[in-house]
Structures are given as structure tokens and as C-alpha cells.
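Take a look at the letters that make up each chain.
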Amino acid sequence: MAAFGPSTAQPAPGAPEIHAAVANEEAVLDIDGFSLWYGAARALWDISMRIPRGKVTALIGPSGCGKSTLLRSVNRLNDLIDGVRIEGDMRLNGDSIYDRAVDVIELRKRMGMVFQKSNPFPMSIYENVVYPLRIDGVTDKRVLDEVCERSLRGAAIWDEVKDRLQTSGLSLSGGQQQRLCIARAIAAEPEVLLMDEPCSALDPIATGRVEDLIADLKGSYTVLIVTHNMQQASRSSDYTAFMYLGRLVEYGPTDDIFMRPHRKETEDYVSGRFG
């Protein structure tokens, strides 16, 4: 069980520090008193936070702090793990994510997910991108062509692949594969785009291209990203949430979190004193 989450020891109590600027933003995703257990091991402690529409929000913290667990809870990927139970709720544009009546397959269609390791399907570049529409029953080639080009342009890879759309997505470089996965994730115009350490397996040049892409997606999409790279968080995000031992410690504008944190724990982490 320990591999799935942080220590079962309860961290010191204390309300998280939520900066006033967060409250002024319109939220796409509301996380309300959310806790999660893997069997007897508690991984998340009463997380409450609002994810602003059209902005990039980064989750940072040391390994095992619960940031990936929280992200994967948004599209209910943790449902696939035996022994998981939750308390609290999350709401996507006002709709409960954890209501018993929710169709999880339909819920996941409202979100895009980009994983740590790129995972293109063993099919053509074109079919990778339009796959979300195919499974929704779209057959109009004109619509599929438009979505393919729009999504590949949105993922800043159109010019690199436009002349080989029928070649395998697996033939691309690692950085190109990750941008292809982002194109697939945005093809269905998700309400929120979830990214779980999307650059951790990439070289610095490919990382820079994905970071530029994240900046370009801002405004058109709401992005929630987990990253272990604090420089990446500071470059790419509008808001940053610092988590530790399964708790939200501080959440506010990225410049404030890195330059003017309110909590000593946050200052110690972003300055490299621990973690």
C-alpha cells in the first residue's frame, strides 16, 4: 500500500493558506473536502481548492505528497485500484464527479488526460487524434479532418506531421509523441486538461516545446498539471498549490508562491531546504 501514497502518520494540523486572488477567479473545478484512502492508508486529507477557468494550475510537492493521487481522482482513475475509498466531492462546472449516478465513461469524455509517459495508440497520427470522436460515433470525414488539423495545430505539431498523417504515431520522437497525445486530449474540447508530469520523460528541448505549448493552451483550456520540476511550475503556471503529506499547504498565484510565500513550509520547499 505504501507505494500508492504518503505516510499514514497524520501531519500537523492547520488550515491551508489560500491566497485571496484564487477566490476572485471563476472555477471550472471545485474540490470540496476531498479525502482518499488506499485501504487503511490515508493519502489525501480534506483537500478543498478551486481550479480557475482558462488558467494553468500546478500541483507541486515532494514525492508521495499526494499530488498525482489528487489529479487522478479528478477523472476517477483511482476507482480502478482495489480498496480505494473517498470522502468529500469534486464538481466539474457544477456537476458532481462522485455522485453515484455519474457515468464515469461520459465523465472522462469531459476531460483530457496526458500521462507521464507518452502513450500514442498503435495507429496512424490521424487516427490517434480523431479517436475520441470515433468512439463517440462521429463518421463525417470533413468534421474529422477539421478536428485533426485544429488539434494538431493546437498542440504545435501540425507543421511537423501534416505530410505524414497516415504514418504510425509510434514513429514520432518522444517529444512529438507527447504533443500528439496532447492533440488527442484536446480534440474533444475538454472542460479541463489534466497533465501528470508530462515532461518528466523528455529531453530539455522537447520539454521546452511542451512548456511553450502549455502556455499557448492557456485561455482556451483549463490546465491542471502535476510537476516535480519547480522551475517548470514557475515558468508555466498561473497558480500553484503546494502539497505535503497529503495535505494542501498553500495555494495562490505562482509568483507569490515562489517569491512571497505565506507559509514557512512553502518557503522551505521552494527554496530547496527540503524535498
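About the criteria used
- Residues numbered from 1 in each chain as written.
- Predicted model: local features only at pLDDT ≥ 70, side-chain atom pairs only at ≥ 80, totals over all residues.
- Heavy atoms only, no water.
- Axes fitted to C-alpha atoms, helices over the stretch in contact; angles between N-to-C directions.
- Helix = DSSP H or I, 4+ residues; strand = E, 2+ residues; numbered from the N terminus.
- Contact = heavy atoms within 4.5 Å.
- Nonpolar A, V, L, I, M, F, W, Y, C, P; charged D, E, K, R; others polar.
- Buried < 20%, exposed > 50% of the residue type's maximum accessible area, 1.4 Å probe, protein only.
- 1 Å grid on protein atoms, 1.4 Å probe; cavity = no way out; pocket = protein on both sides within 12 Å on 5 of 7 lines; lining within 4 Å.
- Points joined across faces, edges and corners; volume = space filled by probe spheres on them.
- Core = buried A, V, L, I, M, F, W, Y, C linked by side-chain atoms within 4.5 Å.
- Pairing = 2+ DSSP bridges.

J.: What's the story with the packing of helix H4 (residues 125–134) against helix H7 (residues 174–186) in this structure? I'm lost.
T.: Axis separation between H4 and H7 bottoms out at 6 Å; the angle between their running directions is 35°. Facing H4, whose interface residues are Ile125, Asn128, Val129 and Pro132, H7 presents Leu180, Ala183 and Arg184. Its residues placed into classes, the contact of H4 with H7 shows five nonpolar, one polar and one charged.

J.: Help me understand H4 in this model?
T.: Because an α-helix completes one turn every 3.6 residues, residues spaced three or four positions apart along the sequence face the same direction. Among the ten residues that make up H4, seven are buried, leaving the element largely enclosed by the rest of the structure. Restricting attention to buried positions, one finds in H4 the residues Ile125, Tyr126, Asn128, Val129, Val130, Pro132 and Leu133. If you follow the buried residues of H4, they end up packed against helix H5 (141–154), helix H6 (158–161) and H7.

J.: What is the right way to read the layout of surface pockets from this model?
T.: The gaps left among the atoms become clear once a water-sized probe is rolled over them. Volume-wise, the largest pocket comes out at about 620 Å³. Residue lining of the largest pocket: 23 residues in total, with Arg108, Lys109, Met111, Pro132 and Ile135 positioned closest to the centre. At four residues, the largest contribution of residues to the lining of the largest pocket is made by helix H3 (residues 104–109). Along the lines of polarity and charge, the residues of the lining of the largest pocket split into 16 nonpolar, three polar and four charged.

J.: So what exactly am I meant to see when it comes to the nonpolar core here?
T.: A general trend in soluble globular proteins is that nonpolar side chains are found buried together. Among the nonpolar cores identified, the biggest contains 45 residues, and Leu152, Ile182, Leu193, Met195 and Leu217 are the most heavily contacted of them. In this view, Leu193 contacts Gly112, Met113, Val114, Ala185, Ile186, Leu217, Thr222, Val223 and Leu224; residues no more than four positions away in its chain are not counted. Judged by nonpolar contacts, the second largest core, of 34 residues, contains Leu29, Ala43, Cys65 and Met113.

J.: Got a minute to help me understand the sheet that holds strand S11 (residues 247–253) in this structure?
T.: Hydrogen bonds between backbone groups are what pair the strands of a sheet, and the pairing can be parallel or antiparallel. The seven strands lie next to each other as S1-S11-S10-S4-S9-S8-S7, forming an open sheet whose pairing is mixed. Each of the sheet's edge strands pairs with one partner strand only, and the pair in question is strand S1 (17–18) and strand S7 (111–114). Those strands touched by H7 are S7 and strand S8 (192–196), and its axis lies near 170° from that of S7.

On their own, these measurements won't tell you what the molecule is for.
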